[in-house]
Amino acid sequence: MTQTSRQRDRYYRVEVAYNLFGEYSVMREWGPKGRQGRHLLVWFSNLREACLAAERWHSRAMRRGYSTEGFR
């Protein structure tokens, strides 16, 4: 299996959310398509920091060959 076909069979998701305690979180999830992947949750005290972190992680995933194909 080539590197590009392996990358197409994987997903990467970044999500910003607000919780009941007044904190913002950024959840990253990645793994093979059709299966449960790994996830990591990081908390931030304000929305700006959470959005900046989410954008950094999204950009890093794009540099590593993930695409926005199938993104909704």
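Presented here is a report on the structure given in the accompanying data block. Keep in mind it's a predicted model, so treat the numbers as computed, not measured.

Description of the pairing of strand β2 (residues 24–32)
Right, on to step 1. Looking at chain direction, strand β1 (residues 10–18) and β2 are connected through nine bridges and run antiparallel. Residue Glu15 lies in a different strand from β2, and its bridge partner there is Met27.
Right, on to step 2. Taken together, the seven bridges between β2 and strand β3 (residues 38–44) define a ladder with antiparallel strand orientation. By the bridge assignment, Val26 is partnered in β3 with Val42.
Right, on to step 3. Joining the antiparallel neighbours β2 and β3 is a turn of five residues, in which Gly34 adopts a positive phi near 85°.

Section: the pattern of salt bridges
For side chains bearing opposite charge, pairing can occur when the charged atoms are close.
Right, on to step 1. Counted under the stated rule, the structure contains two salt bridges.
Right, on to step 2. Notably, a salt bridge pairs Glu15 with Arg13, separated by 3.5 Å at the nearest N-O pair.
Right, on to step 3. Among the salt bridges present, the one from Arg13 reaches Glu29, with a minimum N-O distance of 3.3 Å. With Arg13 in strand β1 and Glu29 in strand β2, this residue pair connects regions lying 16 residues apart in the sequence.
Right, on to step 4. Residue classification places Arg13 among the partly exposed positions, given a relative accessible area of 37%.
Right, on to step 5. Overall, Glu29 belongs to the buried group, its relative accessible area being 17%.
Right, on to step 6. One continuous salt-bridge network, built from bridges that share partners, spans Arg13, Glu15 and Glu29.

Rules of the game
- Residues numbered from 1 in each chain as written.
- Predicted model: local features only at pLDDT ≥ 70, side-chain atom pairs only at ≥ 80, totals over all residues.
- Heavy atoms only, no water.
- Pairing = 2+ DSSP bridges.
- Helix = DSSP H or I, 4+ residues; strand = E, 2+ residues; numbered from the N terminus.
- Salt bridge = Lys/Arg side-chain N within 4 Å of Asp/Glu carboxyl O.
- Buried < 20%, exposed > 50% of the residue type's maximum accessible area, 1.4 Å probe, protein only.

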